[in-house]
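Now for the letters of each chain:
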Amino acid sequence: MVNAPAKFNEHDLLDLDDELDDEARHTRDTVRAYATTELGPRIADWYERGTLPRDIAKGFGALGLFGMQLDGYGCPRLSAAAYGVACRELEAVDSGLRSFVSVQGCLAMFAIHRYGSEEQRQEWLPAMATGEALGCFGLTEPEAGSDPGSMRTSARRDGADWVLSGTKTWINNGAIADVAVIWARADEGILGFLVPTDAPGFTAREITRKLSLRASNTATIVLDDVRVPSSALLPGARGLKSVLSCLNEARFGIVWGVVGAARTCYASVLDYVGGREQFGRPLASYQLSQRKLADMAVALTHAGMTALRLTGLKQAGRLTPVQISLGKLANARSAIDVARVARGMLGANGITLDYPVMRHMANLEAVITVEGTEEIHTLSIGHAITGLPAFR
């Protein structure tokens, strides 16, 4: 007896999701349903207005998305695959949504979970897991982006306290956070601090007029001799190694997230060219259209395979920073290429918010820069290949 051929899935040509375990599939379906029904209908308006309501945090917390890869303190400790597909399904709606969850869970909460004291964990993590409290990650400065080692924000001892001074910029969730993880230079080296955002001398000003990641809150933070007690110091955080470990958690989410953005662009244009006729035929029937669709499908498949492979390495405890750099670089490039081609295939319709493609394309211009620019990841890979650093 000959088995009937499996149904072809034009959105997942190699059936990559068959590789997901039950936990990851449940997470995929739950997040996709929530993001599609609760967030999808509102995202274009948020993007156009340049805002993301803080109250969505409660919904994310109820789904267990904040710190989902962590254990204890109200965090569910799900697998790397479950975290990855959650990022994919959020970014399929908008990169700002994935960034919101990533900053909370992979930067702020991860830093507290790994480097904080037990008192700090108990104070902040349960409330952050539910979305009652929000965090941000204060690293980037006006003069220190790709080179965090040149940060100018300072921390000096004053009796039993620490006094922090400096400026951080491009800080997602910065103007709506309750606590900021602030990295500063002290005599002992680079240290991390938990700074309540209502502390005297702490101000956050939202960055407006953005043309990318508009459905997000981004701020410049000024620390004007902010005094915090010694208990605000993250006791386990020392040096750039601690900083980079947090960034690598967030980069892993981007590896998966951009696959979602690319998938939405591909699906949107596939539906469009199948229904729009020109010269008496559907656009999908033309060779140039099919060539572009095939190229997008291949790029999307390769990005999905990369995400799966890195997930396997992460779950086995073998994932290295340079492998994360490779994944972030390759998948962000693929996603923005898919978005650009899809925008062109939509013609003039592609520049409106009636379709999601231009919004994703603009977002990906920022995503290819955040958590390490394209150039920095390229040089990280080059360093690993040659053994010769080219940063300086």
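Residues numbered from 1 in each chain as written. Predicted model: local features only at pLDDT ≥ 70, side-chain atom pairs only at ≥ 80, totals over all residues. Heavy atoms only, no water.

Novice: Looking at this model, I keep getting lost on the pairing of strand β3 (residues 135-138). Mind explaining?
Specialist: Both faces of the sheet carry side chains from a regular strand, because those side chains alternate between them. Covered by surrounding structure in β3 are Gly135 and Phe137 together with Cys136 and Gly138, the residues of both alternating faces. Of the pairings in the sheet, the one linking β3 to strand β6 (residues 179-186) comprises 4 bridges and is parallel in character. Directly across from glycine 138, in β6, lies its bridge partner isoleucine 182. (Buried < 20%, exposed > 50% of the residue type's maximum accessible area, 1.4 Å probe, protein only. Helix = DSSP H or I, 4+ residues; strand = E, 2+ residues; numbered from the N terminus. Pairing = 2+ DSSP bridges.)

Novice: Whenever I open this one, the pattern of salt bridges confuses me. Can you help?
Specialist: A side chain of one charge can pair with a side chain of the opposite charge if their charged atoms are brought near each other. Applying the stated rule across the entire model yields 20 salt bridges. Between aspartate 17 and arginine 28 there is a salt bridge; the shortest N-O distance is 3.1 Å. Of this pair, aspartate 17 sits in the segment before α1 (22-49) while arginine 28 sits in helix α1, and the two are 11 residues apart along the sequence. Linking arginine 49 and aspartate 45 is a salt bridge whose minimum nitrogen-to-oxygen distance equals 3.0 Å. Separated by 4 residues within a single helix, arginine 49 and aspartate 45 lie in helix α1, roughly one turn from each other. A relative accessible area of 37% places aspartate 45 in the partly exposed class. By sharing partners, the salt bridges in this structure join Asp17, Arg28, Asp29, Arg32, Arg88, Glu89 and Arg263 into a single network. (Salt bridge = Lys/Arg side-chain N within 4 Å of Asp/Glu carboxyl O.)

Novice: I tried to follow helix α4 (residues 95-115) on my own but got confused; where do I start?
Specialist: Count 3.6 residues to each turn of an α-helix, and residues three or four apart come out pointing the same way. Largest kink in α4: about 40°, centred on methionine 109. By the criterion of burial, α4 is predominantly enclosed, with 20 of the 21 residues buried. With a side-chain oxygen lying 2.8 Å from the backbone nitrogen of glycine 96, the N-terminal cap of α4 falls on aspartate 94. (Bend = angle between axes of the 7 residues up to and from the residue. Polar contact = N/O pair within 3.5 Å; in protein donor to acceptor, adjacent residues only side chain to side chain.)

Novice: How should the pairing of strand β4 (residues 154-158) be read in this particular structure?
Specialist: Summarising the sheet, β4 and strand β5 (residues 161-172) pair through 5 bridges and their orientation is antiparallel. Pairing of alanine 155 across the sheet is with leucine 164, part of β5.

Novice: Looking at this model, I keep getting lost on the packing of aromatic side chains. Mind explaining?
Specialist: To describe a pair of aromatic rings, one takes the distance between the centres and the angle between the planes. Tallied over the entire structure, the rule returns 8 aromatic pairs. Ring geometry for tryptophan 162 and phenylalanine 193: centres 5.3 Å apart, planes at 65°, overall edge-to-face. Taken together, the residues span a long stretch of sequence, with tryptophan 162 in strand β5 and phenylalanine 193 in strand β7 (residues 189-196) at a distance of 31 residues. With a relative accessible area of 2%, tryptophan 162 lands in the buried category. You can call phenylalanine 193 buried: its relative accessible area is 0%. An aromatic cluster is defined as three or more aromatic residues linked by ring pairs; in this entry it consists of Tyr34, Phe60, Phe66 and Phe100. The lysine or arginine in question, arginine 281, covers the ring of tyrosine 286, its NZ or CZ lying 4.3 Å from the ring centre. Note that lysine 314 overlies the ring of phenylalanine 252, its terminal NZ or CZ placed 5.3 Å from the centroid. (Phe/Tyr/Trp six-rings, centres within 6.5 Å; stacked < 30°, edge-to-face > 60°. Lys NZ or Arg CZ within 6 Å of the ring centre and 35° of its normal.)

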